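# Overview (structure and organization)
The chain contents come next:
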Amino acid sequence: MDNRARPNQAALSRKDRIKNLKEAFTVKDRVAEQLNGLNVLLVDDVMTTGATLESVGMLLKQMNVAKVSAFCLARTPPPKL
């Protein structure tokens, strides 16, 4: 669950996206208990930097989820260096 309003991620760098997502998600206690030991699949429509998937995945691992996997429908091209 998203806890707070935050700026649009589209124009942010990976570093700024991670900062923007800090403490943006929580899991309710009753849900956390049900996740204990389960495998969870995260689904994202478009992955740009992976910051959202990483943030949610780390939170789920703190909830003792056995395995976190991700499925993305599309991936934006990496920025040109």
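Residues numbered from 1 in each chain as written. Predicted model: local features only at pLDDT ≥ 70, side-chain atom pairs only at ≥ 80, totals over all residues. Heavy atoms only, no water.

The next subject is the overall build of the protein. Counting its regular elements, the protein contains three helices and two strands. The N-to-C order of helical and strand elements in the protein reads α-α-β-α-β. Counting across all 81 residues of the protein, residues that qualify as buried make up 25%. In the structure as shown, the protein presents an accessible area of about 6,100 Å², 57% of it carried by carbon and sulfur atoms. (Helix = DSSP H or I, 4+ residues; strand = E, 2+ residues; numbered from the N terminus. Buried < 20%, exposed > 50% of the residue type's maximum accessible area, 1.4 Å probe, protein only. Areas by Shrake-Rupley, 256 points an atom, 1.4 Å probe, with all protein chains shown as cover.)

Here helix α3 (residues 51-62) contains 12 residues, and its C-alpha end-to-end distance of 17 Å stays within 8% of the 16 Å for a straight helix at 1.5 Å per residue. All of the buried residues along α3 are Ala 51, Leu 53, Val 56, Gly 57, Leu 59 and Leu 60. At the C-terminal side of α3, Asn 64 shows a positive phi close to 65°. (Expected span 1.5 Å × (residues − 1).)

Let us now look at the side chain of Asp 44. Among the secondary structure elements, Asp 44 is positioned in strand β1 (residues 39-47). With a relative accessible area of 16%, Asp 44 lands in the buried category. Among residues more than four places away in sequence, those in contact with Asp 44 are Leu 53, Phe 71, Cys 72 and Leu 73. (Contact = heavy atoms within 4.5 Å.)

Turning our attention to the pairing of strand β2 (residues 67-75). Bridge count between β1 and β2: eight bridges; the pairing is parallel. What sits directly across from Asp 44, in β2, is Cys 72. (Pairing = 2+ DSSP bridges.)

For the rest of this paragraph, the subject is the nonpolar core. Phe 25, Val 27, Leu 35, Val 40, Leu 42 and Leu 60 are the most contacted members of the largest nonpolar core, which has 14 residues in total. Those elements that provide at least two residues to this core are α2 (29-35), β1 and α3. With five residues, α3 is the single largest residue contributor to this core. Excluding residues within four positions of it along the chain, Val 40 makes contact with Leu 35, Leu 60, Val 65, Lys 67, Val 68 and Ser 69. (Core = buried A, V, L, I, M, F, W, Y, C linked by side-chain atoms within 4.5 Å.)

Take the environment of Val 40 next. As for its placement among the helices and strands, Val 40 is situated in strand β1. Once the C-alpha coordinates of Val 40 and Ala 70 are considered, the two residues, 30 residues apart in sequence, prove to be 8.4 Å apart.

Turning next to the confidence of the model for the protein. The predicted model of the protein averages 83 in pLDDT, with 83% of residues at 70 or higher. For the protein, the element scoring lowest by mean pLDDT is helix α1 (residues 14-21), at 74; β2 scores highest, at 95. (pLDDT = per-residue confidence, 0-100.)

A word on the environment of Leu 73. Note that Leu 73 resides in strand β2. Relative accessible area serves as the criterion here: at 62%, Leu 73 is assigned to the exposed category. Discounting residues that sit within four places of it in the chain, Leu 73 has contacts with Asp 44 and Asp 45.

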